[in-house]
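# Observations on chain architecture
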Amino acid sequence: MSQDTLSQFVYELEEWVSDLNDKWQRFKLEQGDELNEELSNYDQNLNKFVEAVRNYQERQEMLSHDIAQELQSEAAYLFHRWNELFKSDHKGKEQSNDHNRFVPIGGHELPPLPYAYDALEPYIDERIMRLHHDKHHQSYVDGLNKAEREMQKARQTGDFDLIKHWEREAAFNGAGHYLHTIFWNIMSPEGGGEPSGELLNAINESFGSYDQFKEHFSEAAKNVEGVGWSILVWSPRSHRLEILQAERHQDLSQWDVIPLLVLDVWEHAYYLQYENDRDAYVDVWWNIVNWDEVESRFNTAREVKWEQY
Ligand SMILES: [Fe+2]
């Protein structure tokens, strides 16, 4: 790693930790003077880290690749702890600061299932949900984190020989992670029925009727070549809904769109229960669609307004 790259790294790290520290100091002010043991430990660790980063920024001749890696993992740990502390004890405050949060490089986490593993039975059984969520989704999270760290390493060392590989890994695992995160939430044990309100109007306008939409979406799912997804998207560009297929996770995307309703037709999503009868799985899956979540995604997505072409 060149000295220039190291300088740039510590400069960016100092900006990052100053920002985190500002938020922390604001939080401390709101708390008053008494911090519990957990919070005062965090306070000490953060202070030490701020000092260390500023020290290395002033005495850059002491920087090395190993020190940069140590600083990076300490930063990841502090950020991870920050999220944990705020998720457990200070939910309200965390939400009011939501716009300031971001996932650090290599810091993606597996989101919990929003219901029990057996909650979608009989349509999707517990064995599938455990394997699908705990093993498959976790592997996308791990793969994305690895790809992000490797690309960071490439930026720091200037060695981009494997960049094509890691970009592909980031796309494959990133799309896998984000699509599964939507997938768990657009299903619910209380799901099924039909959409209503604005979303139903948009479905009627875009596809003719709900039945035509449902048939189109199901046929798209049944006819994905190999493994992939059927995806209802809002296109901020055309201001219409559209149905797309994704082969694997990332291929065939229009990229400029926001997925609303996604159906996983990888074998791991249905094979244990439906074997090779993907059609049967697709047909009954409609019984667990969480239309409220789809509508909420739709209303948020529609706020994005790009110039129409
Ligand atoms: Fe899947």
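Residues numbered from 1 in each chain as written. Predicted model: local features only at pLDDT ≥ 70, side-chain atom pairs only at ≥ 80, totals over all residues.

Stated formally: UniProt positions are given in the numbering used here, feature names are shortened, and annotations may be inferred rather than shown by experiment.
Within an unreviewed UniProt entry, the label attached to the protein chain reads superoxide dismutase, and the organism entered is Alkalibacillus haloalkaliphilus. Its UniProt record gives the protein chain the following Sequence similarities (unreviewed entry) comment, quoted word for word: "Belongs to the iron/manganese superoxide dismutase family."

## Digging into unusual backbone geometry
Heads up, the condition is: Counting from the N terminus, the helices are DSSP H or I runs at least four residues long and the strands are E runs at least two residues long. Partly exposed residues are those falling between the two cut-offs: more than 12 but fewer than 20 other C-beta atoms within 10 Å of their own, whereas 20 or more means buried and 12 or fewer means exposed, with C-beta atoms placed from the backbone.
With an omega of 10 degrees, the peptide bond between Glu-121 and Pro-122 qualifies as cis. Relative to the helices and strands, Pro-122 resides in the loop between helix 4 (91-96) and helix 5 (126-157). Look at Glu-275: it is not a glycine, yet its phi comes out positive at around 50 degrees. Assignment of secondary structure puts Glu-275 in the loop between helix 9 (271-274) and helix 10 (278-285). Looking at Glu-275, the number of C-beta atoms within 10 Å reads 11, which means it is exposed.

## Considerations on the domain arrangement of the protein chain
What counts is decided by this rule: These domain limits were set by an automatic method or by a database of domain assignments. It is the C-beta atoms, placed from the backbone, that decide contacts: two residues are in contact if theirs lie within 7 Å. Asp, Glu, Lys and Arg are counted as charged, while Ala, Val, Leu, Ile, Met, Phe, Trp, Tyr, Cys and Pro are counted as nonpolar; the rest, among them Gly, fall into the polar class.
Assigned domains within the protein chain: domain 1 (3-96), domain 2 (126-185) and domain 3 (197-302). At the interface, 13 residues of domain 2 touch 14 residues of domain 3. Where the side of domain 2 that touches domain 3 is concerned, the elements lending two or more residues are helix 5 and helix 6 (163-185). The residue inventory of the side of domain 2 that touches domain 3, partitioned by class, reads eight nonpolar, four polar and one charged.

## Quick word on the environment of Tyr-117
Mapping Tyr-117 onto the fold places it in the loop between helix 4 and helix 5. Judged by local crowding, Tyr-117 falls into the partly exposed class, with 18 C-beta atoms found within 10 Å. The sequence separation of Tyr-117 and Glu-169 amounts to 52 residues, and the corresponding C-alpha distance is 28 Å. Setting aside anything within four residues of it in sequence, one finds Tyr-117 in contact with Glu-126, Met-129 and Arg-130.

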